[in-house]
Amino acid sequence: MMRAVLVQKFVEYRMSEPQDSPIAIAAGADGSIWFTIDHADAIGRLRDGRLERLPTTNRNVEPLGLAVAADGSAWYTDLAGRAIARVQAAPARSHGFALDTPIARPGRLTLAPDGAAWFAEPTGYGVTRLKDGVFTRHQIDSSRGGPYGIAATADGAIWATLQNGNQLLNLAADGTSRTIDLPRRGAVPTDVAVGSDGSVWFLQFRANRIGRFKDGQFWDVEAARENSGLSGIAVAPNDDVWFGMMRSASLGRLRDGRITAFALPRDNARPFSVAVDRDGNVWYADISGYVGMLPARYAGAR
């Protein structure tokens, strides 16, 4: 069941450069919001209501992966530099760790509890760990892999989505792995997030559904009657599941099996990634040139 809610309480920040296109977004423990910018030689940070552009070593190309570390630095995928990069704000500095693969097109990125950066490699058919400057690649046996989304659990396990294989990948903390077939054929799983109760939430892009895997069981729900272009997923502190609906210019919320759509202020909005901060505010990177936020008091309303 889905219902629509008209909310006029969004806070939006327009990019200072007309060509800037925010792609990935992540919330830091200190309240800062980081975002990558396609085709820009900078990464963005929003702090205390002020936008900053921090220089990067390369011009960004499809910077899909982004995560904020406990020390306040940010890690992101650097396609142009064929690297995984770390950037800090004070003093502004970035450093890249070059990949050793001839073809690199990283997907999403996450940080594990031990500080290791994990990222999906659709072209390499694997997921890779970067820790202390050392890459450890975990190859997927099937050439149908194509990992895209990736998330870490509190105990150090890794979950990823395999778009081409229509599967979930689980890599346990001890290094053992398994692939799990989705029950819905041709669903095309993309972004993934893990809830506080261990639920693995994921988008089924072609099926236009939000899926959950927990205790060996699958469950899913239709996001909307029309294909809404699902992109980006995050779990809030209260376990609400949030996601972007690019074709509907909306944010979606899943709570107690029920979908609520929150229409964004502009009809041409395209929320590509979402994040929820420590206070429950819901943030989104809009590729049309905005970073926006739905305050927790409205996000949590029935």
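Remember, predicted model here, so these are calculated numbers, not experimental data. (Residues numbered from 1 in each chain as written. Predicted model: local features only at pLDDT ≥ 70, side-chain atom pairs only at ≥ 80, totals over all residues. Heavy atoms only, no water.)

Some details on the overall build of the protein
Working step 1: Each helix and strand counted, the protein has one helix and 29 strands in total.
Working step 2: For 302 residues, the compact-globule formula gives about 19 Å, and the C-alpha radius of gyration of the protein, at 18 Å, lands near that figure.
Working step 3: Its C-alpha atoms put the protein at 50 × 45 × 30 Å along the principal axes.
Working step 4: Considering only intrachain contacts with a sequence separation of at least 6, the fraction spanning at least 24 residues in the protein is 40%.
Working step 5: When the accessible area of the protein is evaluated, it comes to approximately 13,200 Å², of which 46% is carbon and sulfur surface.
Working step 6: Looking at charge distribution, the protein has the averaged site of its 34 positive side-chain charges lying 4 Å from that of its 32 negative ones. (Helix = DSSP H or I, 4+ residues; strand = E, 2+ residues; numbered from the N terminus. Rg over C-alpha atoms; globule rule 2.2 N^0.38 Å. Contact = heavy atoms within 4.5 Å. Areas by Shrake-Rupley, 256 points an atom, 1.4 Å probe, with all protein chains shown as cover. Lys, Arg positive; Asp, Glu negative; His and termini not counted. Charge placed at Lys NZ, Arg CZ, Asp CG, Glu CD.)

Re the sheet that holds strand E4 (residues 33-38)
Working step 1: Read from one edge of the open sheet, four strands run E3-E4-E5-E6, paired in antiparallel fashion. The open sheet is flanked by strand E3 (21-27) and strand E6 (50-55), the only strands paired with a single partner. Adjacent strand axes in the sheet meet at a mean angle of 25° when their direction is disregarded.
Working step 2: By the bridge criterion, four bridges tie E4 to strand E5 (residues 42-47) in an arrangement that is antiparallel. Opposite Phe 35, over in E5, you have Gly 44 as the bridge partner. (Pairing = 2+ DSSP bridges. Axes fitted to C-alpha atoms, helices over the stretch in contact; angles between N-to-C directions.)

Notes on the side chain of Asp 191
Working step 1: In this fold, Asp 191 is placed in strand E19 (residues 189-194).
Working step 2: Only 2.7 Å separates the side chain of Asp 191 from the side chain of Arg 108, close enough to count as a polar contact.
Working step 3: Of note is the side chain of Asp 191, whose polar atom sits 2.7 Å from the backbone nitrogen of Gly 232.
Working step 4: In contact with Asp 191, not counting residues within four places along its chain, are Arg 108, Tyr 148, Gly 149, Thr 161, Trp 201, Phe 202, Leu 203, Ser 231, Gly 232 and Ile 233. (Polar contact = N/O pair within 3.5 Å; in protein donor to acceptor, adjacent residues only side chain to side chain.)

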